[in-house]
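In case you want the letters, here they are:
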Amino acid sequence: MVERLPHPDGFRLVLTPNRSLSWHGNVRIWAALFVLSALIATGFTLMGAWVIIPFAGLELIALACGIYLTSRECQRQEVLSIDDEDIHLEKGRKRKQAEWTLPTRYARLRVASPPHPFTPAKLSLTHRDTEVSIGGFLNIEDTEKLIGMLEKNGLLIERKEPDPQIGLWF
């Protein structure tokens, strides 16, 4: 998602992944699957197939790990502040973990076109030897929206077409 916030000297964009369900919603789904799995495992145990219990437990542990890791990745956030002098990018989960400052006048947004139409373009801010990727978690529509907002506000766009020698599968 791309959200524009007010900023005293320019504009600020907050980039976040699409979150289809909150953490509490994920826990509720896991609890419902736990109850269902427990009922099925209990039924098989009563029929004499007690060996299913450890596998049901392993399945629920693997599902909980997958839900946790996915929810953790959905907490990523990038804040892009642009004013007349500088472009300031901050990245992190729940707190700032990394930041970059580039001069607005000389910075470029490099747009690497995708090799096929089902993936979004790869975006990066560049200045001399510094290249910082942005919005790697955005979908196609949000990536296009971000490019349009940055282009409209005067950031120079540098488009890079995919290498024609590389096929769709590589």
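Treat the numbers as computed from the prediction; the structure is a model and nothing was measured.

Rules used in this analysis
Residues numbered from 1 in each chain as written. Predicted model: local features only at pLDDT ≥ 70, side-chain atom pairs only at ≥ 80, totals over all residues. Heavy atoms only, no water. Helix = DSSP H or I, 4+ residues; strand = E, 2+ residues; numbered from the N terminus. Polar contact = N/O pair within 3.5 Å; in protein donor to acceptor, adjacent residues only side chain to side chain. Contact = heavy atoms within 4.5 Å. Salt bridge = Lys/Arg side-chain N within 4 Å of Asp/Glu carboxyl O. Buried < 20%, exposed > 50% of the residue type's maximum accessible area, 1.4 Å probe, protein only.

Student: Mind laying out the side chain of K91, listing which residues take part and the relevant values?
Tutor: Inspection of the secondary structure assignment puts K91 in strand β4 (residues 86–93). Of the polar contacts made by the side chain of K91, one reaches the backbone oxygen of S133; its length is 2.5 Å. Apart from residues lying up to four places away in sequence, K91 is in contact with Q77, E78, K96, Q97, A98, W100, V132 and S133.

Student: Tell me about the pattern of salt bridges, and please be specific about residues and values.
Tutor: A full pass over the atoms with the stated rule returns six salt bridges. Residue E73 pairs with R93 through a salt bridge whose shortest N-O separation is 2.6 Å. In this pair, E73 is assigned in helix α2 (residues 52–73) and R93 in strand β4, connecting sequence segments 20 residues apart. Using a relative accessible area of 34% as the deciding quantity, one classes E73 as partly exposed. The residue R110 makes a salt bridge to E131 at a minimum N-O spacing of 3.1 Å. Of this pair, R110 sits in strand β6 (residues 108–112) while E131 sits in strand β8 (residues 130–134), placing them 21 residues apart in sequence.

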